[in-house]
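# Coordinates in review
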Amino acid sequence: MTAARRGRPRHGGAHGSLSPGGCEAVLLDLDGTLVLSEGVHRLAWQAFFDAWGITVTDADYEQHYMGRRPDDVIAAVPGPWTGTDTSAVLATMTAFTLEHAASVDVVPGAATLIERLRVKYPVAVITSAGALWARHLLDKVLGVRHLVDVVITSEDITTGKPSPEGYLRACAALRARPAHCLAFEDSPSGVRALVAAGVRDIVGVTTTAAAADLTDAGARWTVPDLTPARVRGIRRALGARDTAERRNDEEQQA
């Protein structure tokens, strides 16, 4: 786990909170949410499948492989690799993704979103990828590493998504309550991890999965990208809800 050497901003902001009791942190997935890197990971997995001489359909890939740590997938999904030492092949996959990192594009609005959120809220990035990949994307592709307070990578956890471990570790590091966080995810497994962690305000980014699949997993809203125009409606909805809840609290205390 790594942390930026920058003072943490005050929770909440001049324009009101994002969730009941005030937004305490923003939690961001990386691949598919902030950058369009699924194509690179899909090619890396295909090289893995080819090495074992198997065929995996796109549907099976989305259900069992996409958005998850390779270590977890290999341990949980039966295949010809079961019971074997896959460390060399996994190392090859990591090398492949780093070699093709230059082909990764940024999700529209991602860097601007982080810049604007970081003015008011601490930010964490939680990824199923390794530290080298995360560092390259945050530093070289997005240029926002200095704005991210905490980065949780595959090396920091024992079980990846849909386990909530990574998100819970991020919340603990930021001293934020999961129910008072705003989160962005692109995969159903990532959304399920957030739900299991207790996060309620989840935005599903439809870069790699259909809106219906993200909603079924637990996303409250879905957006095709992270441009201000897409996120503005979510901010308004949260603000209206918070106003109504504060008014209700005041009436009960009267």
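Overview of the structure. Note that the structure is a prediction, hence the values are computed from the model and not measured.

### Digging into the state of the cysteines
Structurally, a disulfide amounts to a covalent bond that connects the sulfur atoms of two cysteines. Counted under the stated rule, the structure contains zero disulfides. Distance from the sulfur of Cys23, which forms no disulfide, to the nearest cysteine sulfur (Cys181) is 6.4 Å. In this model Cys181 remains outside any disulfide bridge; the closest cysteine sulfur is found in Cys171, 4.0 Å from its own.

### Focus: the pairing of strand S7 (residues 181-185)
Burial within S7 is extensive, with five of its five residues counted as buried. Relative to S7, strand S2 (residues 25-28) is paired through four bridges, and the arrangement is parallel. Note on S7: the bridge partner recorded for Leu28 is Phe184. By the bridge criterion, four bridges tie S7 to strand S8 (residues 201-205) in an arrangement that is parallel. Each bridged residue has a counterpart across the sheet, and for Ala183 the counterpart in S8 is Ile202.

### Overview of the packing of aromatic side chains
Counted according to the given criterion, the structure contains nine aromatic pairs. A ring pair is formed by Phe48 and Phe49, whose centres lie 6.1 Å apart and whose planes are at 70°; its orientation type is edge-to-face. Of the two residues, Phe48 and Phe49, both sit in the buried class. Ring centres of Phe49 and Tyr65 lie 5.0 Å apart, and the angle between their planes is 75°; this geometry places the pair in the edge-to-face category. One end of the pair, Phe49, is in helix H1 (residues 38-52); the other, Tyr65, is in the loop between helix H2 (58-64) and helix H3 (70-76), and 16 residues separate them in sequence. Exposure class is identical for Phe49 and Tyr65. Each is buried. Taken together through their ring pairs, the aromatic side chains of Trp45, Phe48, Phe49, Trp52, Tyr61, Tyr65 and Trp81 make up a single cluster. One residue, Arg42, lies across the ring of Tyr61, its end atom 4.3 Å from the ring centre.

### What to know about helix H8 (residues 188-197)
Among the 10 residues in H8, seven count as buried, and that is most of the element. Residue Gly198 follows H8 closely and has a positive phi angle near 100°.

### Let's talk about H1
Along its 15 residues, H1 runs 21 Å from first to last C-alpha, staying within 8% of the 21 Å computed at 1.5 Å per residue. Every buried residue belonging to H1 is among Glu38, Val40, His41, Arg42, Ala44, Trp45, Phe48 and Phe49, and all of these are buried. The elements touched by buried residues of H1 are strand S3 (35-36), H2, H3, helix H4 (87-99) and helix H6 (131-141). Within two residues after H1, Gly53 carries a phi angle of roughly 70°, on the positive side.

### Some thoughts on the pattern of salt bridges
Applying the stated rule across the entire model yields seven salt bridges. For Asp225, the salt bridge is made with Arg230, and the minimal N-O distance between the two is 3.7 Å. Residues joined in a network through salt bridges with shared partners are Asp29, Lys161 and Glu185.

### Remarks on the nonpolar core
Counting 37 residues, the largest nonpolar core has Val26, Leu28, Leu30, Leu34, Leu142, Phe184 and Leu226 as its most contacted members. Elements with a contribution of two residues or more to this core: S2, helix H5 (110-118), strand S5 (123-126), H6, S7, S8, strand S9 (221-223) and helix H10 (228-253). Listed in part, the 24 residues of the second largest apolar core include Ala25, Val191, Ile202 and Leu214.

### Some thoughts on the side chain of Asp186
For Asp186, the position within the fold is in the loop between S7 and H8. Lys161 provides the closest opposite charge to the buried, unpaired Asp186, separated from it by 6.4 Å. A polar contact is formed between the side chain of Asp186 and the side chain of Thr208, at a distance of 2.4 Å. Setting aside chain neighbours within four positions, we find Asp186 in contact with Asp29, Asp31, Gly32, Thr33, Val205, Thr207, Thr208, Ala209 and Leu214.

### A closer look at unusual backbone geometry
The step from Lys161 to Pro162 runs through a cis peptide bond, and the omega angle for that step is 15°. Inspection of the secondary structure assignment puts Pro162 in the loop between strand S6 (150-152) and helix H7 (165-174). Look at Arg175: it is not a glycine, yet its phi comes out positive at around 55°. Along the polypeptide, Arg175 turns up in the loop between H7 and S7.

The rules behind the values
- Counting starts from 1 at the beginning of each chain's written sequence and moves along it residue by residue.
- Reporting in this predicted model follows two pLDDT cut-offs: at least 70 for local features of residues, and 80 or more for side-chain atom pairs to be given and counted; totals over whole chains, interfaces and linings ignore these cut-offs and use all residues.
- The basis for every side-chain value is the complete set of heavy atoms in the structure, and neither hydrogens nor water enter the calculation.
- Any pair of cysteine sulfurs within 2.5 Å is marked as a disulfide.
- For each residue, the accessible area found with a 1.4 Å probe, counting protein chains only, is set against the maximum for its type, and the residue is called buried under 20%, exposed over 50%, and partly exposed in between.
- Helix numbering and strand numbering both begin at the N terminus, where a helix is a DSSP run of H or I of at least 4 residues and a strand a DSSP run of E of at least 2.
- Each pair of strands is called paired provided DSSP finds at least two bridges between the two strands.
- Aromatic contacts are taken between Phe, Tyr and Trp rings whose centres are within 6.5 Å, Trp giving its six-membered ring; a plane angle under 30 degrees counts as stacked, one over 60 as edge-to-face, and the others as tilted.
- Look at NZ for Lys and CZ for Arg. If either is within 6 Å of the ring centre and within 35 degrees of the ring normal, a charge sits over the ring.
- By this rule the span expected of a helix is its residue count minus one, scaled by 1.5 Å.
- Contacts: residue pairs with any heavy atoms within 4.5 Å of one another.
- Any Lys or Arg side-chain nitrogen found within 4 Å of a carboxyl oxygen on Asp or Glu counts as a salt bridge.
- Note on terminology: a nonpolar core comprises buried Ala, Val, Leu, Ile, Met, Phe, Trp, Tyr and Cys residues joined through side-chain atoms within 4.5 Å.
- Counted as positive: Lys and Arg. Counted as negative: Asp and Glu. His and the chain ends are not counted at all.
- Residues adjacent in sequence count toward polar contacts only when both atoms are side-chain atoms; beyond that, a polar contact is any pair of N or O atoms within 3.5 Å, and within protein one must be able to donate a hydrogen and the other to accept it.

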